Amino acid sequence: MIELGNSASIIANRETPVGQHRQILLKHIQHPDQHTVAGYESRGGYSAIRKVLAMDPVAVIEEVKKSGLRGRGGAGFPAGQKWSFVPRNTGKPTYIVCNADESEPGTFKDRLLIERDPHAMIEGMMAAAWAVQSHWMCVYIRGEYGYPYTQLKQAVNECYAKGYLGDNIFGSGYQLHLVVHRGAGAYICGEETGLIESLEGKKGQPRLKPPYFPAVMGVYHSPTVLNNVETFAAVPWIINNGADAYATIGTEKSKGTKLVCASGHINKPGVYEIEMGYPFKRFLQEECGGMLNGTRLKAVIPGGSSTPILRAEDIEDATMDYEGWSKLGTFLGSGGVIVLNDSVDMVDAIQNLAHFYAHESCGQCTPCREGGHWVEKIFSRMSQGDSDPGDLELLHTIVNQIQGHTICPLGDALAMPVRSFITKFQDEFKARIMDSFEGKTPPPSTLHADFKSLH
Ligand SMILES: Cc1cc2nc3c(=O)[nH]c(=O)nc-3n(C[C@H](O)[C@H](O)[C@H](O)COP(=O)(O)O)c2cc1C
Ligand code: SF4
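This is a predicted model, so every value here is computed, not measured.

What follows deals with the domain arrangement of the protein. Once the domains are mapped, the protein shows domain 1 (16–247), domain 2 (257–341) and domain 3 (346–437). Each of domain 2 and domain 3 was reduced to a C-alpha centroid, and the two centroids are 23 Å apart. Across the boundary between the two partners, domain 2 contributes 6 residues, which contact 8 residues of domain 3.

Take a look at the structure:
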């Protein structure tokens, strides 16, 4: 069985290939001192925040709005617009939270930024803090990220020592503090409201939206700006070079550059920075070095494991941007591209993913908690040659009952890949079901009848 999204070794060897595109986020990461204040400042770092501290906070929001920057954590919501939703003068503190939980299988871009260029993200957070007049910031970092955590802590400590964080940042009289909080290994704590619950010391169980939109009812039910690492890291460049310059990069609706994590059966796995709208086939050939050992492309998961899978023939004209992928019924997501060759058994691959999502359910909603396990059990039976003739129909019924019927989108994150696998590779699933009967006529579907009787 292929290990979907097994990227640890790629980053761990510190030889991550860097693409040749316009570099905004990865421009300086090859410098060994970029993670220090001195290294960062020697390449223009912390000039954006000095500029921001002299600006009207509303003008900072307008600049980010004008740039067209959209959230890089998965949903693609416009960052400036999100900041503009934060109410003023509520009498409560306003918080800035950076989502560094990065647990989506196939995604390992934030890790690179945190390890090699943490000050870019910190500076972006500072700009957001000034824009909404917040004095309290937090980075929620994935518990398993030991080395990135050490790098980040060192960066934060240096900022405090230099007076870039504290009671009088950059001598401006403005107070701004930053806490680094380590998660404890739950994927659901990457979902923004689950993250906030966890940050408050509770179980990481997502909140209902509405009313708990973080901008208005976030940390301790106070206004909160919550963005992904990559989103914050893009902000200093926008301030330094202007929103108009950023908006000229990319496509009409997908502006700027995007970090893409490429893994699977390719010759050069790694993190690449591409301009939005870049053709996928070219990316596969040029950046990824083509298919591993010249093997045949079978499928692509374009934006992390929760995004619907595409067949080789679907990606002919695909472009890497929000609209480009959504035209094909899938998503840019977190940018975790997983490439599969024809050695991959689709039943085994989706069983692997279903196991992950079932295991990571927080258990609050029945469709996600129960449905996830049913789906996993069905694939597990199927892969062991113990299928029921009605399994595909049953799977469709279950995922239809999960998607759109849960508190948070983790239910959808399970339902969408399952539906796309069994629809797009239907023949493979049917063949596996027929194999269970070794040429004998399958019996009538008792399992499905049993399931229907429950409703
Ligand atoms: C199950 C689940 C897991 C998520 N995990 C992450 C994550 O690890 N990192 C992240 O930035 N966003 C994650 N998100 C998206 C966040 O809820 C949120 O939309 C994002 O952090 C907002 O930042 P952005 O607007 O900059 O993208 C996840 C969402 C869901 C439903
Ligand atoms: S969808 Fe799943 S993970 Fe999300 S709140 Fe419901 S049970 Fe929890």
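Moving on, there is more to tell.
Looking at ligand 1, there are 23 residues lining it, with Gly71, Gly73, Gly190, Asn228 and Thr231 nearest. Those elements giving two or more residues to the shell around ligand 1 turn out to be β4 (224–228) and α18 (410–424). With 3 residues, the top contributor of residues to the shell around ligand 1 is β4.

Consider a sheet: its strands pair through backbone hydrogen bonds, and that pairing is either parallel or antiparallel. As summarised here, the arrangement of the 5 strands in space is β6-β5-β11-β8-β9, forming an open sheet in which the pairing is mixed. Sheet topology places β6 (270–275) and β9 (310–311) at the edges, where each strand pairs with a single neighbour. Pairing geometry for strand β8 (residues 297–301) and β9, over 2 bridges, is antiparallel. Paired with Val300 across the bridge in β9 is Leu310.

To continue, consider the site of ligand 2. As a structural note, the neighbourhood of ligand 2 is formed by 14 residues, with Cys362, Cys365, Cys368, Thr406 and Cys408 the closest of them. Its residues assigned to classes, the shell around ligand 2 comprises 8 nonpolar, 5 polar and 1 charged.

Here the focus is the sheet that holds strand β1 (residues 95–100). Strand order in the open sheet formed by 4 strands is β3-β2-β1-β4, and the pairing between neighbours is parallel. Every other strand in the sheet has two partners, leaving β3 (177–182) and β4 as the edge strands with one partner each. Across the sheet, the axes of successive neighbouring strands diverge by a mean angle of 20 degrees, strand direction being ignored. Against the sheet, helix α7 (residues 118–132) touches β1, β2 (136–141), β3 and β4, its axis set at about 150 degrees to β1.

This brings us to helix α8 (residues 146–162). Given a rise of 1.5 Å per residue, 17 residues ought to cover 24 Å, and the 25 Å separating the end C-alpha atoms of α8 matches this to within 8%. Taken together, the buried positions of α8 are Pro148, Leu152, Ala155, Val156 and Cys159. Seen from one end, α8 has its buried residues packed into an arc of 95 degrees, which puts them on one side. Every exposed residue of α8 that faces more than 90 degrees away from the buried side is listed here: Gly146, Tyr147, Thr150 and Ala161. At its buried positions, α8 is contacted by α2 (37–42), α6 (109–116), α7, β2 and β3. At the exit of α8 stands Gly163, carrying a positive phi of roughly 80 degrees.

Let us look at the packing of helix α15 (residues 346–360) against helix α16 (residues 366–383). One can describe the packing of α15 onto α16 by two numbers: an axis separation of 9 Å at closest approach and a directional angle of 155 degrees. In terms of orientation, α15 lies roughly antiparallel with respect to α16. Along this stretch, α15 crosses α16, giving a crossing that reads as left-handed. The segment α15 lies against α16, with Val347, Asp348, Ile350, Gln351, Ala354, His355, Tyr357 and Ala358 engaging Gly372, His373, Val375, Glu376, Phe379, Ser380, Met382 and Ser383.

With that out of the way, let us pick up the nonpolar core. Membership of the largest hydrophobic core comes to 135 residues, with the highest contact counts inside it found for Met121, Met125, Ala127, Ala128, Val339 and Val418. The greatest single-element share of this core, amounting to 11 residues, is contributed by α7.

Cis geometry is found at the peptide bond from Lys209 to Pro210, where omega equals -10 degrees. One can find Pro210 in the loop between α9 (192–199) and α10 (214–217). In this structure, Glu102 takes a positive phi of about 25 degrees despite not being glycine. Residue position: Glu102 is located in the loop between β1 and α6. Unlike most non-glycine residues, Asn293 shows phi in positive territory, near 50 degrees. Tracing the sequence through the fold places Asn293 in the loop between α13 (280–287) and β8. Residue Asn293 is classed as exposed on the basis of its C-beta count, with 8 C-beta atoms lying within 10 Å.

Criteria and thresholds
- By convention here, each chain's residues receive numbers from 1 onward along its written sequence.
- Whichever chain is written first becomes A and whichever ligand is written first becomes 1, with later ones labelled in order.
- With pLDDT at 70 or above as the cut-off, local features in this predicted model cover only qualifying residues; side-chain atom pairs require 80 or more to be listed or tallied, and sums for whole chains, interfaces and linings still use all residues.
- Where each domain starts and ends comes from a domain assignment, either automatic or drawn from a database.
- Residue pairs qualify as contacts under a 7 Å threshold applied to their C-beta atoms, which are placed from the backbone.
- To decide nearness, the C-beta atom of each residue is placed from the backbone, and the residue is near a molecule or strand if that atom lies within 6 Å of it.
- Strands here mean DSSP runs of E at least two residues long; helices mean DSSP runs of H or I at least four residues long; both are numbered from the N terminus.
- When DSSP finds two or more bridges between a pair of strands, those strands are recorded as paired.
- Throughout, the ten residues Ala, Val, Leu, Ile, Met, Phe, Trp, Tyr, Cys and Pro are labelled nonpolar, Asp, Glu, Lys and Arg are labelled charged, and all others, Gly among them, are labelled polar.
- Every axis in this analysis is a line fitted to C-alpha atoms, fitted for helices over the stretch in contact. Angles between the N-to-C directions lie between 0 and 180 degrees.
- One fewer than the residue count of a helix, multiplied by 1.5 Å, yields its expected span.
- The burial label depends on the number of other C-beta atoms within 10 Å of a residue's C-beta. Counts of 20 or more mean buried, 12 or fewer mean exposed, and intermediate counts mean partly exposed, with C-beta atoms placed from the backbone.
- Read the arc as the range of directions from the helix axis to the C-beta atoms.
- Throughout, the term roughly parallel applies to angles under 35 degrees, roughly antiparallel to angles over 145, roughly perpendicular to angles from 65 to 115, and oblique to all others.
- Left-handed describes a crossing whose near helix is turned anticlockwise from the far helix through less than a right angle; right-handed describes the clockwise counterpart.
- Nonpolar cores are identified as sets of buried Ala, Val, Leu, Ile, Met, Phe, Trp, Tyr and Cys residues joined via C-beta atoms within 7 Å.

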